[in-house]
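Topology and contacts: notes
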Amino acid sequence: MIVLHGRRVTPGRAEGEALVTRDTISGWGGMDPRQGTIIERRHELAGQSFAGKVLVFPGAKGSSAWSHYFHLARLAGQAPRALLFNRISTKVALGAVVLRVPAMTELDRDPLEVIETGDHVVVDADAGRVEVTKAR
Amino acid sequence: MKLTDAEKAMLDGAKGPAHRKAMELLVRYGEALGAERLVETNSVAGTWSAANPIVRDYAARGMDAVFSEFNLDSDEVVPTPPMETLACQLIGGLDRKRPGVLGIAPETAALNEAGERHFGAKGVAMHATCTPYQVGVVPVFGEHLAWMESSAVVYANAVCGARTNTEGRESTGAAAITRRIPYWGLHIPENRAGTHLVEVDVDLPAEMLDWGLLGYWVGEAVQDGIPVVEGRLHGRPSLIHLKHFGAAAASSGGVEMYHVPGVTPEAPDGESAFRGNGAPHALRYGAAQRRWAYEALNGSARDRAVDFVMLGCPHNSVEQVLRVVRALEGRRVSPSSALWVFAPRALAEVAEASGHGAAIRAAGGELLSDTCPAISRVVPKGTKVVATDSAKQAHYLPAITGVQCWFGSVEDCVDAAVTGHWHGGVA
């Protein structure tokens with residue numbers, strides 16, 4: 001098991017399977033809130049679902065409806081279980097707040113290097129701690 | 001986060017339940033950012049729309065339910081209080097005067113109308129545009145704002161010298177009643193310095209197409225950095241060029257601020273753009289980079305038969321509508337194509353009074369306002385291939401509606417509408 005430490009963005013503890021991307025994520029125009037899928041044409045995760053996953057990504061980009069679209073995803077039952085990201089921004093901070101899931105940033109190791117899609121990840125934002133169990 | 005006594009009182013419910021929920025949200029949000037305090041604002045641009053899909057389900061429970069869920073992130077339904085700042089409604093999902101052209105269901109149009117009446121009476125100005133700065137909502141240098149709409153945010157910061165982060169629906173909802181937003185990011189002067197130097201190494205005329213291509217490449221290159229653009233700029237860029245540059249850079253990347261030394265107000269010269277930090281190694285924008293942007297923007301397009309031409313993202317100025325009218329002179333839109341030209345609600349009125357609406361309709365096109373195809377998700381029935389003069393629309397529309405999209409100049413787009421075929425290209 002690998003342990004990372006970082007800053008709590010939003011409170012709580014959650015665990016699940018990781019979905020990792022090196023591409024920044026758009027809300028409006030980049031994802032479908034009713035399906036919980038990434039729809040951006042040139043995106044590494046195009047067509048994949050983030051619902052119920054621990055989403056590990058560099059940060060947010062694009063439209064200011066980022067939070068609104070992740071808000072809609074929560075109401076549609078398609079929220080990710082937790083967020084881990086490198087670059088804080090108003091989009092991703094407000095998005096994490098309205099998703100109401102634990103989120104962390106400023107991790108002591110780059111989560112994009114340490115975590116791979118399919119790994120089991122425990123995000124304990126209140127303790128500032130992430131536990132990664134490699135799938136392989 | 002440190003709160004003032006007035007802010008603590010709002011959090012404790014002294015001004016009622018809406019202010020309490022709004023302050024709770026701002027505290028959760030401020031802590032998520034790592035902000036130390038809030039800052040006062042008197043200018044909010046956001047959305048209070050009730051007619052969008054999913055939001056509509058909440059509107060059945062009343063406008064206060066829409067406001068509580070989507071503008072305050074509150075499970076508890078609280079009454080909508082009067083807005084306490086200047087509040088501007090941004091672009092929405094339909095054209096209030098011409099819902100039929102877009103094939104909007106009458107129930108949806110009625111819901112939109114009810115929402116506009118409810119929030120309008122509370123003090124939200126129903127401008128219904130992505131470009132508040134074109135219709136009198138013009139920030140003053142140094143003013144703290146709480147604005148949504150990435151293309152408006154980057155314009156307000158870079159061109160007006162006002163200070164705003166890219167806010168969201170919930171934070172602007174809270175800001176308009178509390179007059180507060182987290183003091184973070186671009187509100188803090190030190191965070192407004194350039195992070196990347198972009199050396200333009202092709203002749204850059206004062207043309208929308210060229211500024212759109214440059215913006216699209218710059219956004220991809222700097223992501224959420226603050227580019228400083230210098231080099232072979234021929235002719236001073238106008239509102240139109242900077243509007244397109246910022247919108248493109250905020251689509252391919254997350255650019256919220258930039259400097260063009262000698263043009264934008266916080267950078268009288270190249271040195272001041274970096275606030276004395278020294279310029280970093282320059283990124284070169286040459287012919288290959290321009291070509292990359294053009295090909296990336298046309299990456300979804302294969303079929304040359306064009307069903308639909310969309311002009312006006314961000315919303316057109318009257319001058320841009322006139323350019324379309326002139327390009328259409330003596331010509332008619334092909335029966336196999338459609339032409340929709342978008343302007344802000346207020347400017348569509350001006351364009352109509354100037355005869356431009358009639359001229360566009362006489363040529364077989366439509367002059368529309370309040371929305372755009374990417375926001376409304378409405379394109380003419382059966383549309384498979386679109387052409388547009390907007391890098392932002394070309395970036396988003398294929399992802400949102402599954403269409404193919406050509407990007408080019410206004411004249412190439414009008415030509416596609418008239419002939420029904422794409423003949424566009426760049427030298």
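Higher on the page you've got the structure.
Residues numbered from 1 in each chain as written. Chains lettered and ligands numbered in written order. Predicted model: local features only at pLDDT ≥ 70, side-chain atom pairs only at ≥ 80, totals over all residues. Heavy atoms only, no water.

We now examine the pairing of strand β3 (residues 13-20) of chain A. All names here are of chain A. Note: β3 against strand β11 (residues 120-124), five bridges, orientation antiparallel. Bridging across to β11, Glu17 finds its partner in His120. Relative to strand β7 (residues 54-57), β3 runs parallel, the two being bridged by three bridges. By the bridge assignment for β7, Leu19 is matched with Leu55. (Pairing = 2+ DSSP bridges. Helix = DSSP H or I, 4+ residues; strand = E, 2+ residues; numbered from the N terminus.)

Moving on, we get to the packing of aromatic side chains. The tally for this structure, following the rule as stated, stands at 15 aromatic pairs over all chains. Between Tyr58(B) and Phe70(B), the ring centres sit 5.1 Å apart and the planes meet at 85°, which makes this aromatic pair edge-to-face. Within this pair, whereas Tyr58(B) is found in helix α3 (residues 55-59), its partner Phe70(B) is found in helix α4 (residues 63-72), the two being separated by twelve residues in sequence. Given the relative accessible area of 0%, Phe70(B) is considered buried. With 5.7 Å between their ring centres and 15° between their planes, Trp406(B) and Trp422(B) make a pair best called stacked. Of this pair, Trp406(B) sits in strand β14 (residues 404-407) while Trp422(B) sits in the segment after α17 (410-419); the two residues are 16 residues apart in sequence, bridging distant segments of the chain. There is no split in this pair, since Trp406(B) and Trp422(B) are both buried. Each member of the aromatic cluster is reached from another via a ring pair, and the members are Phe50(A), Phe57(A), Trp66(A), Phe70(A) and Phe85(A). (Phe/Tyr/Trp six-rings, centres within 6.5 Å; stacked < 30°, edge-to-face > 60°. Buried < 20%, exposed > 50% of the residue type's maximum accessible area, 1.4 Å probe, protein only.)

For the rest of this paragraph, the subject is the pattern of salt bridges. Throughout the structure, instances matching the rule amount to 40 salt bridges over all chains. In this structure, the salt-bridge partner of Arg98(B) is Glu352(B), at a minimum N-O distance of 3.9 Å. Separated by 254 residues along the polypeptide, Arg98(B) in the loop between β3 (86-89) and α5 (106-121) and Glu352(B) in helix α13 (residues 345-353) bring together distant segments of the chain. A single salt-bridge network, built from bridges that share partners, covers Arg74(A), Arg100(A), Arg28(B), Glu69(B), Asp73(B) and Asp75(B). (Salt bridge = Lys/Arg side-chain N within 4 Å of Asp/Glu carboxyl O.)

Turning our eyes to something else, we now look at the sheet that holds β11(A). Residue and element names in this part refer to chain A. Spatially, eight strands are ordered β1-β12-β11-β3-β7-β9-β10-β2 in an open sheet, and the strand pairing comes out mixed. What marks the edges here is a single partner per strand, and that holds for β1 (2-5) and β2 (7-10). In this sheet, neighbouring strand axes are inclined to one another by 30° on average, regardless of whether the strands run parallel or antiparallel. (Axes fitted to C-alpha atoms, helices over the stretch in contact; angles between N-to-C directions.)

All right, on to the packing of α4(B) against helix α7 (residues 169-178) of chain B then. Residues and elements named next belong to chain B. Where α4 meets α7, the axes come as close as 6 Å, and the angle between the chain directions of the two elements is 110°. Compared by their axis directions, α4 and α7 come out roughly perpendicular. From α4, Val66, Phe67, Phe70, Asn71 and Leu72 reach across to α7, where they touch Arg169, Glu170, Gly173, Ala174 and Ile177. Here the residues of the contact of α4 with α7 sort into six nonpolar, two polar and two charged. (Parallel < 35°, antiparallel > 145°, perpendicular 65-115°, else oblique. Contact = heavy atoms within 4.5 Å. Nonpolar A, V, L, I, M, F, W, Y, C, P; charged D, E, K, R; others polar.)

So, about the interface of chain A and chain B. Taken together, the contact pairs 34 residues of chain A with 50 residues of chain B. For the pair chain A and chain B, the summed buried surface comes to about 3,400 Å²; carbon and sulfur atoms form 54% of the total. At the junction of chain A and chain B, the tally comes to six salt bridges. Across the salt bridge formed by Arg100(A) and Asp75(B), the nearest N and O atoms sit 2.9 Å from each other. Linking chain A with chain B are 16 residue pairs in polar contact (both at pLDDT 80 or more). Broken down by secondary-structure element, the contributors of at least two residues to the side of chain A that touches chain B are β2, α1 (66-75) and α2 (90-99) of chain A. (Buried area = accessible area lost by both parts, 1.4 Å probe. Polar contact = N/O pair within 3.5 Å; in protein donor to acceptor, adjacent residues only side chain to side chain.)

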